[in-house]
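# Survey of secondary and tertiary structure
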Amino acid sequence: MQEGVFLYKDLSYRLVGICMEIHREYGNLHNERIYHKVLEEKLGLNKIIFISKPKIIIYSKDTGNKIGYYEPDLIVDNKIVLELKAKPINIKQFEIQLSEYIKTSEYEVGYLFNFGLSSLYFKRIIYTNDNKKHLKNK
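As a starting point, this report considers the structure included with it. Note that the coordinates shown come from a computational prediction; the quantities given were computed from them, not determined experimentally. (Residues numbered from 1 in each chain as written. Predicted model: local features only at pLDDT ≥ 70, side-chain atom pairs only at ≥ 80, totals over all residues. Heavy atoms only, no water.)

Evaluation of the coordinates by the stated rule reveals eight salt bridges. Residue lysine 85 is joined to glutamate 83 by a salt bridge in which the shortest nitrogen-to-oxygen separation is 3.5 Å. Given a relative accessible area of 11%, lysine 85 falls into the buried group. Residue glutamate 83 is classed as buried on the basis of its relative accessible area, which comes to 8%. Where glutamate 95 meets lysine 92, a salt bridge forms, and the shortest distance between an N and an O atom there is 3.4 Å. (Salt bridge = Lys/Arg side-chain N within 4 Å of Asp/Glu carboxyl O. Buried < 20%, exposed > 50% of the residue type's maximum accessible area, 1.4 Å probe, protein only.)

Below, the structure written as structure tokens:
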């Protein structure tokens, strides 16, 4: 991948904007299921393709063999993995977890959104497939 390229730039900006709108409209006091449903609605209204609760394959970093599945909250346009939280604290462990999912799957971009704080928190995680030696032979 070329340095300085912003993977899925337009889609990423749209997702962040939609999540900011949800946070403005619904605040930070609902549980994760509510934010998930509202996000599904807004993605549909914006004609953005998504899959809710899909199973993605996780590969061994050593052998490239399939070792299991992970079920993220959403996959958007078969490009971006989304994890949603509604925690009143910063959630570093979920960033690490999402990072590992990105590193061991065929997906290159993930977003963690935490709606449970007074301001929407989001983290973009990138690990491109050209850095995944376990996927080189696929």
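This is not the end of the story, as more comes after the structure.
Turning next to the sheet that holds strand β7 (residues 121-126). Pairing is mixed across the open sheet formed by five strands, whose spatial order is β1-β4-β5-β6-β7. Two strands lie at the open edges of the sheet, namely β1 (50-52) and β7, each paired on one side alone. Each neighbouring strand pair of the sheet contributes to a mean axis angle of 20°, computed without reference to strand direction. One ladder, built from six bridges, connects strand β5 (residues 80-85) with strand β6 (residues 109-114); its direction is parallel. Considered in β6, the bridge of leucine 84 is made with phenylalanine 113. The sheet contacts of helix α1 (residues 9-26) involve β4 (74-76), β5, β6 and β7, and relative to β6 the element is tilted by about 10°. (Pairing = 2+ DSSP bridges. Helix = DSSP H or I, 4+ residues; strand = E, 2+ residues; numbered from the N terminus. Axes fitted to C-alpha atoms, helices over the stretch in contact; angles between N-to-C directions. Contact = heavy atoms within 4.5 Å.)

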